[in-house]
Structures are given as structure tokens and as C-alpha cells.
Amino acid sequence: MDITAYLVIGLIVFIALVIVVPVVFFIYLYFKDDRQKQHAILRNFPILGNVRYLTEKIGPELRQYLFNNDNEGKPFSRKQYQDVVKAGKYKERLIGFGSDHDFEAEGFYIRNTLFPKQRDELKVDNTEKVKTKTYKIDKDGLFTRKEHHEEKLVDPYLLRDEDAVVIGGQTCRTPFRVKGLVGQSGMSFGALGENAITALSRGLGLAKGTWMNTGEGGLSDYHLAGNPDIIMQIGPDLFGVRKPSGEFSWEEFKKKSEMDQIKAFELKLAQGAKTRGGHVEGEKVTEEIAKIRLVEQGKTINSPNRFYEFDNPSTMFDFIEKLRDVGGKPVGIKIVVGDLDALEDMVATMKESGKGPDFITIDGGEGGTGATYQELADAVGLPIQAALPVMDEILMKYGVRDRVKLIASGKLITPDKVAIALAMGADLVNIARGFMISVGCIMAQVCHTNQCPVGVATTSKKLQEGLIVEEKHYRVANYVISLREGLFNLAAAAGLDSPTQFKRKHIVHKDDLGRISPVEEIIHAAVKAQHHK
Amino acid sequence: MRVAVIGTSEAVGELVIKELKEKDHQPVAIIKEKNRKPDMEKLGASDVVIDEGNRLEKAFSACDAVIYIAGSSPRAGESKSVLVDHEEVIDSMTEAKRQGIERFVLMSAIRANEKDNNGTTRIGDKHKPDEQLKQEGFVFTIIRPGHLTDKPGKGMIRMGKSLDIDSEISKEDVASVLVESLNNESAFNKIFDVTSGNVPIHEAFNH
């Protein structure tokens, strides 16, 4: 055979590969789609119908990166996300050419004064600088951004000693004094991986004046890594303070309360993400998790959604009294505000008995790291903007407001949101997802799958290789310091020398027609709604 | 040594107070806003004097030395307005002299001796305090740091005359240099430009 014959054969083979193989493949797909009985669209429009599934699948990413405008996107808009990331990376909150905020939408605004406070007049404690690292951009090109990481001594923006918030000042042998208004909300080891928890612990420890809530998953060594102040959460499953039989272990509790790093305990009643009881698959109950939570390795955990130890305010208060007596440390409860009569009943009991929690954490109930059911996250409980002023009001009505600190949480990830919560009655603010973002969360919304692509909400060793603790812990510190600095900026604008002085009168609500109304109207409306129950 | 510190509202001043305390001196902080008193006490000031009008007399009494921190950046730009508020410096010199204080350490800026080249007297006055310090017969030291940064101090510096105005130095290192110069005889009656470098601070004066 001569060379042309080879070329002809080669050509035929090439045509067969390029045309015949795809055609056969498409015919195969056509019949596969046509014959399946699951999807109507594929039976009626084989192959073409797949375009629907493809675009549906990649839709969230396309919207997040390309099509949503900067103020759209839930749970956090691109802009809110960037505000958190930039605070962590660059410790920077400056913007140019005006705000992107939608001023026509309804929302809360802070009333500024004509004569704000000067920097020197603020009651801030910047005497101990914090040694952190921030990024500095050298050159921002179209395809590359050159930046370097540099050490920096920054002002911590702590509260003065006399302004420190004291939890359990009148009730405990060891009250918890905190010199900052923002801390990390409950996120369990297990929900977040060891790298994320370690980075958070080290970052919060570095920033000082803040706290870390363990979540109900018990206290791990990763929480202790950076020596932050810790609030240990106790859920109905009693992880970390239980006997093998499942009952509350006073011995374990005493051991925990003797740890210097643990500053307070929080009983988690029904809460946004977990108004049902918790559930952990047996395969996720590793030896390490079993040891921390004091459960049996490899065995699926189905925990109750209410404590067995108490079922009404007065038995709960007795339990709290005993915890405080044994531990000597403040004890609080975490709740979602729903039925106001139940709350009022509890607060009335506080007044009558003289007992009660040292702090109440109010969750906005939107569910964070939480793997929870859609119906619970979306519709159960009042969002923070309604819940907080109502709780504050009930406590004042019964004259027990001074006995208890209010900690608010629920998407309060920037200084303005925190300040508004403080003005609505919060003494302190908890943040969960803002801190997740600062350790690398890209809002992929797969926390419940253990497949977090950035190694934050996963226990997978492989995925966690992406999360470098040393780099991320600086971002955590920068973020929390940046929040505190922002709070002082806002306080100064409102004519206050410390953000601890934010009151209802410092904010107003503006509706979408531009009418403004005071916070009290929310309370009136809530009371009215309760009467119609 | 009891040392009066002027210019405490900025970070360098705060760091000087802290460093003085650590080196067993007794810093006297002079502040303009009374709200800053607790901060100064916390940083280690033995005494805090609020400078409302002319209170330097009280502040300087029984002091052995003055550290005057004139906050300014050499990068403020050529021919920009006065980098150092010379009137205040001169006032404090006069008071120090009256109270018999001999030691005077001034933090100026590398560009403080910029020549008057556009005819405005304000710029020409920049070096005036430096001149006066020499004339008044103080045991003086003038430290002219480069561009101040918030980086942590390394304890390693470069000292000389007419160093590059673009070079940087951390505020923490400048504070250490100011405090070190108090008792280091090699620093007496001299003017130094200081940037970050590779010589330990206590040795740098001898070079």
C-alpha cells in the first residue's frame, strides 16, 4: 500500500471517531432520557431537557459571582460578604464615592449628632496594642493582585475597665468581665473542623476582649488552643457534662467549671437551628468526638429537643442555681423569642423568685452552620429585630433588667448592624457566620453535607488542608478588632464616648415610604399581636 | 529619672510612656484631653498633667528631662506647611530652662531641616527649634525618624545624618530610641536621622 492508502484509512478512522462516536453517544442518551420514568421534561425533550438541570445546578454560583448585584444574595449579599473579608484581610473598611446601600428600602438608621465626640474624648482602652498581620496591596492588576502580608501593631479598641460588661456580678463567685462587645456565637467542634476552631480560638485569643462559645458539641482542645475566654454551651444532649447513661454529670460539670478559661455556661433551650433535637450519624462519632462529648464511639446520637432536667421556669431556675452554686460561674440561657406569654411567665418568675439566668442569649433563629430543617430555619421564631426590643421591654417591665445581660445574634456581621442591636437593648453581640467568613467561608451553603469546599464546616482531613490556621487566625483578630473600632466610630457619630451607651433613642426605623418611627413601635405592635393570639 | 513627655496623643507618645516605665524611669504624661488620663496611668505614667493653657510649670517641676514628640511625617511633602509646631516646642524649652531641666530630647522629622526655597517664612521656620535647643545650652538630642509605621519594633535601626526620607521606621523603635538617648552619652548634643536598619538600638549611638 502506498502512502495515499494510509492517508485514506486514517481519514476514515478520524471521521468515524469525530462524527460516528458522538452520534452513537447522543442516540444512547436520547433513548436513555426517553425511556426513564422519573423526569417528564426528559421524556418529552430528551437531551435538550438536560440544559434545565445543568443551569439549575450552576445557577447559585452564576448568581453569586455574576448576576446578582452587590446588594442582593442571601443570607449575605456580596457587599456584606466583602465587608467582612476586607476587615479580616486588610483591616480596612473605607469606601469611596458613596455607599451602595439601598436607602429606599426599609431599615434602621443611627441618629447622629451635630457635635460628635473627638477621638481623644472616646472612652477606649488602646493601651495594649495587638500584634497582628494584615495584607497590603502592592499592585492590583486585571489578572493578578500582588500583595504582601506584614506585621502590624494595632489598637485593640477595648472598652475601658469601668465600662467592661460584667456578667453575674451580683450572683457568682467568679463573674465574667468582658472588655469588648462582640464575641463568637456557638459553633461546635464537629460542625466546624479542628482547623477552623483552632484558627478562631487563636484569633479571638489574640484580639482579647472577646469570647468563644463552644456550641453544644462540648469543649475540645482546639477551643483552648489560643487561650480565649470561653462560654461553654450545654445542650439538652449534655455533651461534655454527661454520664455514660445520659444523665447530667455534676462531677464532669465541676471539672469543667474549674477550668480557668471557661468563664460562663450557657444552657441552650430551643434555638433557631435546632428547635428539633440534634442528630449525629454514627460514622461521624469518631473516637475524638466521643471523648469530647462523652458519648459512645460509632453510635448514632439522637438528642432530645428539651432538657429532661427541667420543664418550666421555676425548675429551670433551680437547676441554674445549682449550676452556679457548684461552678461559681455565670449561667445563661439561649432562646429564640416566639410566644411572648411564655417569656413573660419566665420573667415574672424571675421577679417573684429572685432567681434566674445571668444572661439571656437571643438568637434571631435563621440558622447558621446549622444543618437543620428548612421549615424550622425559615419560619420558627422571631427575627432579632423584633425579638430583641420585646425581650428588653419585658425585662424592664418586671424590673429585672439589671440582673441579666442580653446577648443578641442573627446576621449582625458589620459594626452598623451590631450598633443597632446594642441600641435595641443588647448588652453584647454574638456572631457566627461573620467569623466563618473570616476563616475562609465562601457561602457555598453545604454545611450540612460535610463537603465544605474551603475546609471550614467539615471534619474531612483532606478538605481542611485548604485552611491554614496561621494565616486565618490573623483575619479573625482583624475582623473582631475592626468591628470594635467601627462601633467606636458610630458611638462618636452619635455623640457617645462609648458604644456601651447606645439606647433606643439613638436609632430610628425608616419604612420604604421614608416615614420614620421609633423602636417603641415594634414593641407596641408585638404586644398588640400577642393580645390577638 | 523623672521625665516629662509632651505629645502623648499619638502612638509614639504612648509607647514612650510605656518604655520609660519599663526602663524604671518616672514618666510624667502631659495631655490635652482629660479623658486620656486613665490611659496614661495604665501605660505607666507616674503623674499625669492636663495641659489647659499654661500648665507646663506644674508638669515640669522636679523633672530631670523632657521628651518632646512632635508628630509629623517626612512624607507630608516638600514645601508643605510647618512639620513641627515650633512655637509649642519653644514654649516648652523656655519653661524647661526656667525649671532648671538640663536634658531635652526632641523628636522631629527627617525633613525638618528642609531649606526654605519658595520664600514663605513658615517653611523656613522648620529648623528653628533645633537651632534654639543648641543656643539655650541644653544637653540636647534631636531624633529625626523616617516615615513612621505601625509595624512591631525590631530593636534594630540605622542612624546617621541625612538619611533617605523615604525609608521607614516603626513607632515602637522610635520610642525605644528616644528613651535610650536619655542616658546614653553618645547621644548628647547631637542630631540623628533614624530609620530601621540592622544595628541594635543601644549600639547605634556609638557608630
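Residues numbered from 1 in each chain as written. Chains lettered and ligands numbered in written order. Predicted model: local features only at pLDDT ≥ 70, side-chain atom pairs only at ≥ 80, totals over all residues. Heavy atoms only, no water.

### Considerations on the overall build of chain A
Argument step 1. Of regular secondary structure, chain A possesses 17 helices and 19 strands.
Argument step 2. In chain A, buried positions account for 49% of the 533 residues.
Argument step 3. In chain A, the proportion of contacts linking residues at least 24 apart, taken out of those at least 6 apart, comes to 69%.
Argument step 4. Averaging the positions of the 71 positive and the 71 negative side-chain charges in chain A gives two centres separated by 2 Å. (Helix = DSSP H or I, 4+ residues; strand = E, 2+ residues; numbered from the N terminus. Buried < 20%, exposed > 50% of the residue type's maximum accessible area, 1.4 Å probe, protein only. Contact = heavy atoms within 4.5 Å. Lys, Arg positive; Asp, Glu negative; His and termini not counted. Charge placed at Lys NZ, Arg CZ, Asp CG, Glu CD.)

### As for the pattern of salt bridges
Residues and elements named next belong to chain A.
Argument step 1. Within this structure, the stated rule accounts for 48 salt bridges over all chains.
Argument step 2. Between Asp83 and Lys79 there is a salt bridge, with the nearest N and O atoms lying 3.2 Å from each other. Note that Asp83 and Lys79 are positioned in helix α4 (residues 78-89) at a spacing of 4 residues, about one turn of the helix.
Argument step 3. Taking the shortest distance from any N to any O, the salt bridge between Glu485 and Lys91 comes out at 3.2 Å. Here the residue Glu485 occupies a position in helix α16 (residues 469-493), and Lys91 occupies one in the loop between α4 and β1 (107-110), the gap between them amounting to 394 residues. The exposure classification of Glu485 matches that of Lys91, with both residues buried. (Salt bridge = Lys/Arg side-chain N within 4 Å of Asp/Glu carboxyl O.)

### Comments concerning the packing of helix α5 (residues 194-207) of chain A against α16 of chain A
All names here are of chain A.
Argument step 1. Close contact between α5 and α16 brings their axes to 7 Å; oriented N to C, the two are set at 45°. As summarised for this structure, α5 and α16 are arranged oblique, according to the angle between their axes. Between α5 and α16 lies a crossing of right-handed hand. Residues Asn195, Thr198, Ala199, Leu200, Arg202, Gly203, Leu204, Leu206 and Ala207 of α5 pack against Val469, Glu470, Lys472, His473, Tyr474, Val476, Ala477, Val480, Ile481 and Arg484 of α16.
Argument step 2. The class makeup of the residues in the contact of α5 with α16 is 11 nonpolar, 4 polar and 4 charged. (Axes fitted to C-alpha atoms, helices over the stretch in contact; angles between N-to-C directions. Parallel < 35°, antiparallel > 145°, perpendicular 65-115°, else oblique. Left-handed = near helix turned anticlockwise from the far one by under 90°. Nonpolar A, V, L, I, M, F, W, Y, C, P; charged D, E, K, R; others polar.)

### What to know about unusual backbone geometry
Residues and elements named next belong to chain A.
Argument step 1. The backbone phi angle of Lys91 is positive, close to 50°, even though this residue is not glycine.
Argument step 2. Backbone geometry at Leu238 places phi at a positive 60°, although glycine is not the residue there.
Argument step 3. When you line up the elements, Leu238 lands in the loop between β10 (229-234) and α7 (250-257).
Argument step 4. By relative accessible area, which is 2% here, Leu238 ends up buried.

### Section: the packing of helix α1 (residues 11-22) of chain B against helix α7 (residues 171-183) of chain B
Residue and element names in this part refer to chain B.
Argument step 1. The interhelical angle for the contact between α1 and α7, taken along N-to-C directions, is 50°, at an axis separation of 8 Å. Looking at the two axes, α1 sits oblique to α7. In this structure, the crossing between α1 and α7 has a hand that is right-handed. From α1, Ala11, Val12, Leu15, Val16, Glu19 and Leu20 reach across to α7, where they touch Lys171, Glu172, Val174, Ala175, Ser176, Leu178, Val179 and Leu182.
Argument step 2. Of the residues assigned to the contact of α1 with α7, the class counts are 10 nonpolar, 1 polar and 3 charged.

### A short note on the pairing of strand β3 (residues 47-50) of chain B
All names here are of chain B.
Argument step 1. As paired strands, strand β2 (residues 26-31) and β3 are joined by 4 bridges and run parallel to one another. When the sheet's bridge partners are listed, Val28 is paired in β3 with Asp47.
Argument step 2. At this point the chain moves from β2, through helix α2 (residues 37-43), to the parallel β3, and the crossover so formed is right-handed. (Pairing = 2+ DSSP bridges. Right-handed = clockwise from strand over helix to strand, strands pointing away.)

### Comments concerning the interface of chain A and chain B
Argument step 1. Taken together, the contact pairs 19 residues of chain A with 16 residues of chain B.
Argument step 2. Both sides together, the interface formed by chain A and chain B hides about 1,500 Å², and carbon and sulfur atoms give 45% of it.
Argument step 3. Interface area lost by chain A to chain B is led by Asp120, Thr127 and Leu153 of chain A, which between them contribute 39%.
Argument step 4. The interface formed by chain A and chain B holds 8 salt bridges in total.
Argument step 5. Glu150 of chain A is the salt-bridge partner of Lys151 of chain B, the closest N and O atoms lying 3.8 Å from each other.
Argument step 6. Our count for the chain A to chain B interface comes out at 10 residue pairs in polar contact (both at pLDDT 80 or more). (Buried area = accessible area lost by both parts, 1.4 Å probe. Polar contact = N/O pair within 3.5 Å; in protein donor to acceptor, adjacent residues only side chain to side chain.)

### As for the environment of Gly7 of chain B
Argument step 1. Looking at the element boundaries, Gly7 of chain B is found in the loop between β1 (2-6) and α1.
Argument step 2. Considering only alpha carbons, one finds Gly7 of chain B and Ile17 of chain B, 10 residues apart in sequence, at a separation of 10 Å.

### Considerations on the packing of aromatic side chains
All names here are of chain A.
Argument step 1. The tally for this structure, following the rule as stated, stands at 16 aromatic pairs over all chains.
Argument step 2. Judged by centre distance (6.0 Å) and plane angle (85°), the rings of Trp250 and Phe253 are edge-to-face. One end of the pair, Trp250, and the other, Phe253, are both in helix α7, 3 residues apart, so they sit about a helical turn from each other.
Argument step 3. Positioned above the aromatic ring of Phe239, the side-chain terminus of Arg293 is 4.7 Å from the ring centre. (Phe/Tyr/Trp six-rings, centres within 6.5 Å; stacked < 30°, edge-to-face > 60°. Lys NZ or Arg CZ within 6 Å of the ring centre and 35° of its normal.)

### Topic: the domain arrangement of chain A
Argument step 1. Partitioning chain A into domains gives domain 1 (3-67) and domain 2 (124-531).
Argument step 2. Once you take the C-alpha centre of each, domain 1 of chain A and domain 2 of chain A turn out to be 50 Å apart. (Domains from an automatic or database assignment.)

### Here's the deal with the side chain of Ser77 of chain A
All names here are of chain A.
Argument step 1. Along the chain, the position of Ser77 falls in the loop between α3 (50-67) and α4.
Argument step 2. A residue is classified by how much of its surface remains accessible, and Ser77, at 3% relative accessible area, is buried.
Argument step 3. A polar side-chain atom of Ser77 sits 3.4 Å from the main-chain carbonyl oxygen of Asp70.
Argument step 4. Other than its neighbours up to four places away in sequence, Ser77 contacts Asp70, Asn71 and Glu72.

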